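# Geometric and topological summary
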Amino acid sequence: IKLPVVIYGPCSIGSTMGHIKLLSTAHFGMLKIGPSDPVRSRHSKSYISVAGVLEIDEDTTLRKGIHLQIRDSGILRLCKSAYIGDNNTIIAECLIEIGHSVRVGNNTTFMDTDFHYIINTKTREVKYNKKPIAIGENCWIGGWCTIKKGTKLPKGTIVAGPYAMTSKDYTDKIAECSLIAGSPAKVIVEGMRRINNGQSDIEIVKFYKENKGVFVLQQDKNLDDFCMPNK
């Protein structure tokens, strides 16, 4: 018995008319739903409704308080080591792809649809209200952000600051490893990257306990190995 999906704590189940697709060999706990942060989500309750397709790779997490709705035409793709924080909302009516080693803070919302249509009273045009979302590898999206339809983020993008909002394709507008913020989000600084490696965190914490200067990574150290999750 592989049990690739494990649910922790209280969780309501909505539709089960869809299906789950495994992107790697089945094993226990490929997707963990509901691990709790005692500060952010101690009293939260998760909600999962899958009428479309939930695609999961290994080592993916939806923390406690997730409100997930995959509608019958929707796909949510969680790539390897994708980690969605506490009390997030994800509504997939088209396609939402969360890339390899992406990290998302608490209380952030992903929606690939505007739900309602609007009409231009001059041209009488009614534009389509759905568009895929694609979050690139090793992106970091902070808490209390809104990721709307059409968002595409290049590798290593940091979305910082509460209430930042994205709603367009940034892949041809900003460099990889840019920090963006605001509503709508704009580039604040380039060449920044989250360190998402436990061993590196230990090394940095130890340095600042023993030194007053600034930690500088040695030139002979590989940046990907330093920033990406431990293998």
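Shown above is the structure to which this text applies.
Quick look at the structure, then. Here the structure is a predicted model, which is why all the values come from computation and not from measurement. (Residues numbered from 1 in each chain as written. Predicted model: local features only at pLDDT ≥ 70, side-chain atom pairs only at ≥ 80, totals over all residues. Heavy atoms only, no water.)

## Observations concerning the overall build of the protein chain
- Assigned secondary structure in the protein chain consists of 2 helices and 22 strands.
- Expressed along its principal axes, the backbone C-alpha trace of the protein chain runs to roughly 60 × 55 × 35 Å.
- Every one of the 231 residues in the protein chain was classed for burial, and the buried ones make up 42%.
- Long-range contacts, defined as pairs at least 24 residues apart, comprise 38% of the intrachain contacts of the protein chain with a sequence gap of at least 6.
- Of the roughly 12700 Å² of accessible surface on the protein chain, 55% is carried by carbon and sulfur atoms.
- Charged side chains of the protein chain number 31 positive and 23 negative; the gap between the two group centres comes to 5 Å. (Helix = DSSP H or I, 4+ residues; strand = E, 2+ residues; numbered from the N terminus. Buried < 20%, exposed > 50% of the residue type's maximum accessible area, 1.4 Å probe, protein only. Contact = heavy atoms within 4.5 Å. Areas by Shrake-Rupley, 256 points an atom, 1.4 Å probe, with all protein chains shown as cover. Lys, Arg positive; Asp, Glu negative; His and termini not counted. Charge placed at Lys NZ, Arg CZ, Asp CG, Glu CD.)

## As for the side chain of Asn196
- Tracing the sequence through the fold places Asn196 in the loop between β22 (186-190) and α1 (198-210).
- Engagement of the side chain of Asn196 in a polar contact is seen with the backbone oxygen of Ser101, the distance being 3.4 Å.
- A polar contact is formed between the side chain of Asn196 and the side chain of Arg103, at a distance of 3.5 Å.
- The residues touching Asn196, leaving out its near neighbours within four places in the chain, are Ser101, Arg103, Asn138, Cys227, Met228 and Pro229. (Polar contact = N/O pair within 3.5 Å; in protein donor to acceptor, adjacent residues only side chain to side chain.)

## A closer look at the sheet that holds strand β13 (residues 103-104)
- Across the sheet, 9 strands lie side by side as β1-β4-β7-β10-β13-β16-β19-β21-β22; this open sheet has mixed pairing. Two strands in the sheet have a free side with no partner beyond their single neighbour: β1 (5-7) and β22.
- Both strand β16 (residues 140-141) and strand β19 (residues 158-159) contribute to a ladder of 2 bridges, which runs parallel. Directly across from Ile141, in β19, lies its bridge partner Val159. (Pairing = 2+ DSSP bridges.)

## Re α1
- With 13 residues, α1 ought to run about 18 Å at 1.5 Å a step, and its terminal C-alpha atoms sit 19 Å apart, in line with that.
- Capping the start of α1, Asn197 holds a side-chain oxygen 2.9 Å from the backbone nitrogen of Gln199, two or three residues further along. (Expected span 1.5 Å × (residues − 1).)

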